[in-house]
Amino acid sequence: MASNWVGRISSFSAGPSFFLSGTSADSFLAELLRELRDDRASYSVKVLLLSPLCEHPTRLCRSETVGEETAMELMSVFINCPPKSVQFRCHLLLALTSVLVCSGCVNNCSRASQDFLELLLQIAQDTSDLQGDVALRSLRATACDCLRELEACSPGLLSQHLELLGGLRHREASWIHQAYAGLQTLVLRNAVYQLTRETEGGAEHLKALLGGNTPVAWEAEQDSSPANIRDSTVLSSLILGPLGTIPTLQTGPDCKELRSVLSSLLEDSYLLTPLCQAALLHRLTEVVAMLPGVPPVIFRAQLLRLLGTSELCLFHTTLLMKGAFTDSLFSAEDESFLLKRLVLLSQHPLLSTPEKLFYMDCILHFPENRPIGFGDETLPVLLTPALASALAPTVFDDSDAMLARLNLLSLVYLEEEEEEEEQVEWGGEEGRGVAYLYEHLASLLRIVDNGGSRETAVTFFRSAFLFLFHFHHVERFSDGLTGQLGGLYLRHTHLAPHLINLADRTQEKLPHSGWAVGLLKALQGVITGAPLPEIPSPDLHRHLKVLARVAEEGEIPQQSTLRFLSSIVTASCTPPGVSGAWRLGNGLLGVCRHLLVHPSLDSLLLPLADVLLHIARRYGDTDIQDHARLYYTLLTTLSREKLAGVLAQGRNEGGGQVKLRTLSSIMAEGEGLTNAITIHQAEEAVLELIQSQPEETPTEGKLKREEMESAPPEAASTLEAYRGQFDAPGFAANVTLNYRLTHLGAGDPRFHQIFSICLHFSLTDDHYEDLSNVSVPCLFRDRPPPRVTLTLKPRRPRPTALHASAVFTAQDGLTWFTPLPDVRVAFQQVFRAPPTPPDWGPVRIRSLFEGLWDRITRESEEEEGAASDCSTSLFCCQLTPAALVAVVTRHFLPFLVSDPSDEELRVFLFLPPRSHLLLKIRSEEDAAHFSIATDTWSLLTHMNSHLLDITSSQENTQL
């Protein structure tokens, strides 16, 4: 049963929705709870059974009632569980927390939630493990984690237990102290926030919370009840929002109890791990930010180590603290030191790229004491060009770090330029800085020009976009970059998509700049000026893509483009090997299509008509001719306004760019075509595979023949002859399984007749080779189901499960995809009769059995303790002789090599690719004995499980 649960839980975790389509959530949940209550199941299996409740509680507990009932069952299991099963009890607490939180029982004040909260508090206060087993402390730690989760999901739930939590933290001297500190801090933060939302909240209420320890109150009329909290702010960070939005609680200057609690927590923070310190300081920062009566200088003693910390999480908390308190806590010297540390850490050679990117992002969002500007990326005033020069990008930097540095330096030099606009000549500090960034860009361009990698090319174009975004108005550099990009494209035409994307993004972000149009015009010039006979076919296709993009710009004259198109379509100038190519013709029509809506169409009318007419009459592809003829007809018969209206039907409703169809279609694709070319997802499983009984093979029939041979051959020679067959590659390596493909359930009437079914199978382990797809012509509900044969090639003969899916065509012509229930391959399905030569009779097969049995027994005894695959085993069970014969006849008859009336029955099993299981079965006075010998010892576990299943069912039949 344990192996069955392992497979079922794995299937559920892999796809909960698909798994529950074959059963109901209630029945599966009932099975889980029943197995959890079963004392015969091991605790390792029970831990596995809790995983669905921990990972997918909403799938199984779909209502508050089901969640509460499940929680009560789990608490009953917890109470009856022995104290020494610590791991299982910890998982039970986690499962209970997941079920109660996700089903809404905590927020709705259910009885199960109250009982569970009392249970957690009892466990948290139980310090009996201090004198006993240290492993039991993990139960208290898990209880603290569960309490913290309940408090986080239902803020204010534990506000009445602040004094209790503080006392537990003070008394704890083990590593669990950290869990108590984190829990107390979270409860304190939520309690203070809760008081800020109450109109009558004040110092007296806060003192009552800090000094009280009353039972859990779940009264509906209580305003501070966690069930009444509807503000999502309490679940997020308060100090990450804009300044002035933090709610405050007026407590007055005299709040000794709170200061005492804060001081105690801050003193204990030294004992915590960096992550826990960061979380504690973050929550305490929120608390102090909500209490104007508590001065921020309470954190002053922590700043010395926080300013010099090497832990990223603590440094981030320090910046959050600075953003909340500014100059109330941080002096100007502290601010300068923090900024210099950020610059230093952003380039530290021992830090990883993600860490460097984090520190550079902190510079862009640095919380200044007295900010003078607001925005997504505002540089601090103290970040001067001299200080930022240490972050100058180099070609040796990682791509992401290089882009971040380039963006940061660009912002620095852009601010300097705005502050010193009177400098006409670029001779100042900022001028040299922009010149350096341009030289860096030129260096990247040279690397790409000399055959740099794709990553380098992408980095260069992203860098070019950043540079243009900040300095597009500096003509000296923007014009120079345009010329260099034109030459780069001519030498590396495969960069066409990058150049088009650069022009699009620049035009999108800088709508008032003409740089993108200038780049496209320069590309048009280098393309149309190149000698056509020297242009390779791949380059020609890329040129046409660029010219199609150039034709979208109304400011760019298109006469040179039309001359270039005319030279292509002219037979005397057509490059060898490309005449009639559909791809080339499609590129030509793409350019022509954009020229049809160009503002200067009147001046382009005659040359464009000549090009289209030439394509329509002489091009070698019929599809291209038809499209060109249509374009020519539209051009010569419609007015400019009607032509623009027809071609504009491909535009988005929102006024976006024209959608270009692959086949140069001038109309937007219809809904019918979209449905026809789309594979639709069936809402529920439509098909399933049902195992069918295979026909008796000649090998199995041979074992049943009762012919006798004159003299039995020697077992040794028979064994050698048998083993010699396996020297041939692929001998007897496959397992053939037969199934019937049927409809699953009543199903959708649309799928009662389906065609062209393609079954796809994927493995869940590596025990078998990959399976090829299986095609089934059709499946009709009113006809016998078709037979499907799966051919498995085992690497190791083991039970497995196959994920199955199907793609098919319905009667309406649409294509559908549906998953199928997993195809489970049981261990006994791999059993085969030994692949003996066709002329061997029963006597020789029995001789082979004896020879193989002797060899396995001898090797298992000689190599005991060594690395040997041969092994023997004994399986015993309570069966009468008649029941034993019934078991053998029902499950092993095709593999029986002895006479059924013999006192000792012998079963000969072969498992591809070359494993064997040999059984000697006899009935003794006390039990039935199954002696097993195998040349693959790892099969014994599966064989024992199989024997246990078939003999248990027979025992039940006897009863």
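Every value quoted in this text rests on a predicted model; they were computed, and no experiment measured them. (Residues numbered from 1 in each chain as written. Predicted model: local features only at pLDDT ≥ 70, side-chain atom pairs only at ≥ 80, totals over all residues. Heavy atoms only, no water.)

### Remarks on the overall build of the protein
Right, so step 1: Within the protein, the secondary structure is distributed over 37 helices and twelve strands.
Right, so step 2: Excluding contacts between residues fewer than 6 apart, the proportion of contacts in the protein whose partners are at least 24 apart in sequence is 72%.
Right, so step 3: Surface summary for the protein: the accessible area is close to 46,100 Å², and the carbon and sulfur share equals 52%. (Helix = DSSP H or I, 4+ residues; strand = E, 2+ residues; numbered from the N terminus. Contact = heavy atoms within 4.5 Å. Areas by Shrake-Rupley, 256 points an atom, 1.4 Å probe, with all protein chains shown as cover.)

### Examining the packing of aromatic side chains
Right, so step 1: All told, the structure shown has 25 aromatic pairs when counted by the stated rule.
Right, so step 2: Their ring planes at 90 degrees and their centres at 5.7 Å tell us that F12 and F19 sit as a pair that is edge-to-face. Summarising the burial analysis for this pair, F12 and F19 share the class buried.
Right, so step 3: When the centroid spacing of 5.4 Å and the interplanar angle of 65 degrees are considered together, the rings of F358 and Y359 count as edge-to-face. (Phe/Tyr/Trp six-rings, centres within 6.5 Å; stacked < 30°, edge-to-face > 60°. Buried < 20%, exposed > 50% of the residue type's maximum accessible area, 1.4 Å probe, protein only.)

### What about the sheet that holds strand β1 (residues 679–681)?
Right, so step 1: Taken in spatial order, the five strands of this open sheet run β1-β8-β7-β4-β5, and their pairing is mixed. The open sheet has two free edges, formed respectively by β1 and β5 (774–780), since each of these has just one partner strand. Each neighbouring strand pair of the sheet contributes to a mean axis angle of 35 degrees, computed without reference to strand direction.
Right, so step 2: Bridge count between strand β7 (residues 800–809) and strand β8 (residues 815–825): nine bridges; the pairing is antiparallel. Paired with V807 across the strands is F817, a residue of β8. (Pairing = 2+ DSSP bridges. Axes fitted to C-alpha atoms, helices over the stretch in contact; angles between N-to-C directions.)

### Remarks on the pairing of strand β4 (residues 753–763)
Right, so step 1: Here β4 runs beside β5; their pairing, made up of six bridges, is antiparallel. The partner of F755 across the bridge, within β5, is C778.
Right, so step 2: Bridge analysis of β4 against β7 gives seven bridges, and the strand direction is antiparallel. Across the sheet, the residue bridging to L763 is L802, located in β7.

### Things to note about the pattern of salt bridges
Right, so step 1: Using the criterion set out here, one finds 28 salt bridges in the structure.
Right, so step 2: Among the salt bridges present, the one from D38 reaches R40, with a minimum N-O distance of 3.3 Å.
Right, so step 3: Close ionic contact of D766 with R796 constitutes a salt bridge, the shortest N to O distance being 2.9 Å. Here the residue D766 occupies a position in the loop between β4 and β5, and R796 occupies one in the loop between β6 (787–792) and β7, the gap between them amounting to 30 residues.
Right, so step 4: Sharing partners across several salt bridges, the network here consists of E850, E904, R906, R922 and E924. (Salt bridge = Lys/Arg side-chain N within 4 Å of Asp/Glu carboxyl O.)

### Focus: helix α12 (residues 203–211)
Right, so step 1: Those residues of α12 not exposed but buried are A203, L206, L209 and L210. Along the long axis of α12, the arc covered by the buried residues comes to 125 degrees, so they all point the same way. The exposed set on the far side of α12, more than 90 degrees from its buried face, consists of E204 and A208.
Right, so step 2: Considering only its buried residues, α12 is in contact with α10 (162–171), α11 (177–196) and α13 (256–268). (Arc of directions from axis to C-beta.)

### Thoughts on the environment of R618
Right, so step 1: Relative to the assigned elements, R618 resides in helix α29 (residues 601–618).
Right, so step 2: Given a relative accessible area of 65%, R618 falls into the exposed group.
Right, so step 3: Along the chain, R618 and T570 lie 48 residues apart, while their C-alpha atoms are 9.3 Å from each other.

### Here we look at the sheet that holds strand β10 (residues 905–911)
Right, so step 1: One open sheet holds the four strands; their spatial order is β9-β12-β11-β10, and the pairing between them is antiparallel. Edge positions in the open sheet fall to β9 (871–877) and β10, since each of these has one partner strand only. Neighbouring strand axes in the sheet, compared pairwise and without regard to direction, differ in orientation by 20 degrees on average.
Right, so step 2: Pairing between β10 and strand β11 (residues 915–923): seven bridges, direction antiparallel. By the bridge assignment for β11, F908 is matched with L918.
Right, so step 3: In the packing of helix α35 (residues 842–862) onto the sheet, contacts are made with β9, β10, β11 and β12 (928–934), and the angle to β11 comes to roughly 100 degrees.

### Thoughts on the confidence of the model for the protein
Right, so step 1: With 85% of its residues at a pLDDT of 70 or more, the protein shows a mean pLDDT of 84.
Right, so step 2: In the predicted structure, residues 571–580 sits below a pLDDT of 50 and forms 15 contacts with residues beyond four places in sequence or in another chain.
Right, so step 3: Predicted confidence for residues 696–708 stays below pLDDT 50, and this span has 23 contacts to residues more than four positions away or in other chains. (pLDDT = per-residue confidence, 0-100.)

### Regarding the pairing of β8
Right, so step 1: As paired elements, β1 and β8 share three bridges and run parallel to each other. The residue bridging I679 from the neighbouring strand is T815, located in β8.
Right, so step 2: Taking the residues that link successive antiparallel strands as the turn, the β7-β8 hairpin has five residues, and the phi of G813 there is positive, at about 90 degrees.

### Comments concerning the nonpolar core
Right, so step 1: L74, L188 and L485 are the most contacted members of the largest nonpolar core, which totals 199 residues.
Right, so step 2: Counting residues per element, this core draws most heavily on α11, at ten residues.
Right, so step 3: Setting aside chain neighbours within four positions, we find L74 in contact with L33, L36, L50, L53, L92, A95, L96 and V99.
Right, so step 4: Of all hydrophobic cores here, the second largest spans 31 residues; its members include A682, F808, A810 and V825. (Core = buried A, V, L, I, M, F, W, Y, C linked by side-chain atoms within 4.5 Å.)

### Considering the side chain of D822
Right, so step 1: Structurally, D822 is set in strand β8.
Right, so step 2: Although D822 is buried, it makes no salt bridge; R824 carries the closest opposite charge, 4.6 Å away.
Right, so step 3: In terms of polar contacts, D822 uses its side chain to reach the side chain of H803, at 2.9 Å.
Right, so step 4: With near-sequence residues (within four places) excluded, D822 lies in contact with S11, F18, L802, H803 and A804. (Lys, Arg positive; Asp, Glu negative; His and termini not counted. Polar contact = N/O pair within 3.5 Å; in protein donor to acceptor, adjacent residues only side chain to side chain.)

### Regarding the packing of α10 against α11
Right, so step 1: One can describe the packing of α10 onto α11 by two numbers: an axis separation of 9 Å at closest approach and a directional angle of 155 degrees. Judged by the angle between their axes, α10 and α11 are roughly antiparallel. The interaxial crossing formed by α10 with α11 has left-handed handedness. Contacts between α10 and α11 involve L162, L165, G166, L168 and R169 on the former and, on the latter, H177, Y180, A181, L183, Q184, V187, L188 and A191.
Right, so step 2: Residues belonging to the contact of α10 with α11 are distributed by class as follows: nine nonpolar, three polar and one charged. (Parallel < 35°, antiparallel > 145°, perpendicular 65-115°, else oblique. Left-handed = near helix turned anticlockwise from the far one by under 90°. Nonpolar A, V, L, I, M, F, W, Y, C, P; charged D, E, K, R; others polar.)

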